[in-house]
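# Analysis of the macromolecular model
Here is how the chains run, residue by residue.
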Amino acid sequence: MKRILVLGGTRFFGRHMVSALLAKGHSVTIATRGQTPDPFGNTVERIVLERTDADCICQALLGKSFDVVCDSLAYTSNDVRALLDSYHPYRYVMTSSTAVYQPLALHTTEADFDPLQIPLKWCGRGDDSYAACKQQAEAALRQIYPSIPAVAVRFPFVIGEDDYTRRLYFYVENAIKGIPMHIDNLDAQMAFVHAPEAGRFLAWAAVQDYTGPLNGASAGTISIREILQYVERQTGMQALLNPKGLPAPYNGTGPYSIDTALASRLGFSFSNLDDWIYTLLDAFIQQARVSI
C-alpha cells in the first residue's frame, strides 16, 4: 500500500484514477478547492487548497507525507513551480497531453517532444495556447526539478460518458438534431483514450519505477466522417455539414496516431479503440434523443 496524494480526482478520468487506486488498496488523499463533490465517502482523505497558490499549497501540505503525488491539474510551468517549490514528492505523476507534440503526426512516439530542448518560460493559465502551456509545464518539471522521480503521462483526447467537455457528444447531438456543423478535418484519423482506461493507466503509472514521458492511448484511430457515418446508420438521420455551421470542437486537428509501445514494454496494454467507442456513441445517441 502506498500513500498517494491526488491533485484533482473529483471528475472525469480523475475519478476513475482514484477508483483504480482504491481498488489496489492504496491510501488516497484528494486535494481540491473543495467545490466539487466526489463519490468516495470515507474511503479517501481530503485536503482543501488552491492549486495555483504556492503559499496555500505549502500550508496545506505542511507536515504531511506521501509516497506519490498524482497531479492532473498541472497546466503550466507556474503550476509546476507552485507545487514543487512547496512540496518535494518521492514520486510525481503529471497528467500531460499529446498536444505537446507540435505538429502531431502518425506513429507519434515519446521522443518526438523533448522538454529539455525548449527554452523554459514561466507562464500562467491563459498566457499561451494549451499546447504551449503543457510544453512549458513539462519543461519546468525536467529542467528545474530533475532530482524528483517523475513521469509525464501524455494523453490524446480523453472521452467517456462523463466527459464534461462534451466535445465528441457535439457531433452526435448536432447530427441527430439536424444542426449544421463546420468540420475542417472530416477525414483526419485521430487517436483517443477511454476515460476509465486513462484513470487506470494513471493509477498504474503511479506505482511504477519508470521516469520520463509516457504515451497513453487506445490502439487504432477513427475519423469524424466514420463517427458521423455510424451515427447516421444507427439513427437514420443525416449530418448537415456547412462552412457557416457551428464550429466543431476538434477542428484544426490533423491526422495522428499515438505509439504506446513503451507502455506495453513496461507492462500496460491498452484496449483497441473499436472495442469501446461504438458503445460510447450508442450512449451519446440515446442522450441526444432524450434531449430532442
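Before going into details, it helps to say that this report is about the structure given with it.

With that settled, the discussion passes to unusual backbone geometry. Along the chain, Gln102 connects to Pro103 via a cis peptide bond; the corresponding omega equals 0°. By the element assignment, Pro103 lies in the loop between strand S5 (92-97) and helix H4 (130-144). With a phi angle near 55°, Phe12 is a residue other than glycine that sits in the positive phi range. Checked against the element boundaries, Phe12 lands in the loop between strand S1 (3-7) and helix H1 (13-23). With relative accessibility at 7%, the residue Phe12 sits in the buried group.

With that out of the way, let us pick up the pattern of salt bridges. Evaluation of the coordinates by the stated rule reveals seven salt bridges. The salt bridge involving Arg3 is made with Asp67; its shortest N-O contact spans 3.1 Å. A residue pair is termed long-range when its members are at least 10 positions apart, and Arg3 in strand S1 and Asp67 in the loop between helix H2 (54-61) and strand S4 (68-71) qualify at 64 residues. Among the residues examined, Arg3 registers a relative accessible area of 35% and is labelled partly exposed. The partner of Asp187 in a salt bridge is Arg225, and the shortest N-O contact between them spans 2.5 Å. With a gap of 38 residues between them, Asp187 in the loop between strand S8 (181-182) and strand S9 (192-194) and Arg225 in helix H7 (residues 224-235) connect regions that are remote in the sequence. Arg225 gets classed as partly exposed once you look at its relative accessible area, which sits at 34%.

Now for H7. Across its 12 residues, H7 extends 16 Å between first and last C-alpha, which sits within 8% of the 16 Å expected from 1.5 Å per residue. Every buried residue of H7 is accounted for by Ile224, Ile227, Leu228, Tyr230, Val231, Glu232 and Thr235. Next to the buried residues of H7 lie helix H5 (167-177), S8 and helix H9 (277-291). Positive backbone phi, at 80°, marks Gly236, one or two positions downstream of H7.

Before going further, it helps to spend a moment on the nonpolar core. Grouped together as the largest cluster of nonpolar side chains are 35 residues, with contacts concentrated most on Leu168, Tyr171, Phe192, Ile224, Leu228 and Tyr250. Secondary-structure elements contributing two or more residues to this core are strand S7 (157-159), H5, H7 and H9. A per-element tally of this core places H5 first, with seven residues.

The next subject is the sheet that holds strand S6 (residues 150-155). One open sheet accounts for seven strands, arranged S3-S2-S1-S4-S5-S6-S10; its pairing is parallel. The sheet is open, and its two borders are formed by strand S3 (45-48) and strand S10 (212-215), each paired with just one other strand. Taking each pair of neighbouring strands and ignoring which way they run, the sheet shows an average axis angle of 20°. Where strand S2 (residues 27-32) lies against S3, four bridges are found, and the strand directions are parallel. Within S3, the residue paired with Ile30 across the bridge is Arg46.

This part is about the pairing of S6. Counting buried positions along S6 yields six of six residues, so the element is predominantly enclosed. Residues Ala150, Ala152 and Arg154 of S6 are buried on one face, and the alternating residues Val151, Val153 and Phe155, pointing to the opposite face, are buried as well. In this sheet, S6 lies alongside S5 in parallel orientation, the contact comprising six bridges. In the strand pairing of S6, Ser97 is matched with Phe155. Since S5 and S6 lie parallel, the crossover through H4 that links them has a hand, and here it is right-handed. In the sheet, S6 pairs with S10 via four bridges, with the strands oriented parallel. From the neighbouring strand, Ala152 faces S10, where its bridge partner is Pro213.

The rules behind each value
- Residues numbered from 1 in each chain as written.
- Predicted model: local features only at pLDDT ≥ 70, side-chain atom pairs only at ≥ 80, totals over all residues.
- Heavy atoms only, no water.
- Helix = DSSP H or I, 4+ residues; strand = E, 2+ residues; numbered from the N terminus.
- Buried < 20%, exposed > 50% of the residue type's maximum accessible area, 1.4 Å probe, protein only.
- Salt bridge = Lys/Arg side-chain N within 4 Å of Asp/Glu carboxyl O.
- Expected span 1.5 Å × (residues − 1).
- Contact = heavy atoms within 4.5 Å.
- Core = buried A, V, L, I, M, F, W, Y, C linked by side-chain atoms within 4.5 Å.
- Pairing = 2+ DSSP bridges.
- Axes fitted to C-alpha atoms, helices over the stretch in contact; angles between N-to-C directions.
- Right-handed = clockwise from strand over helix to strand, strands pointing away.

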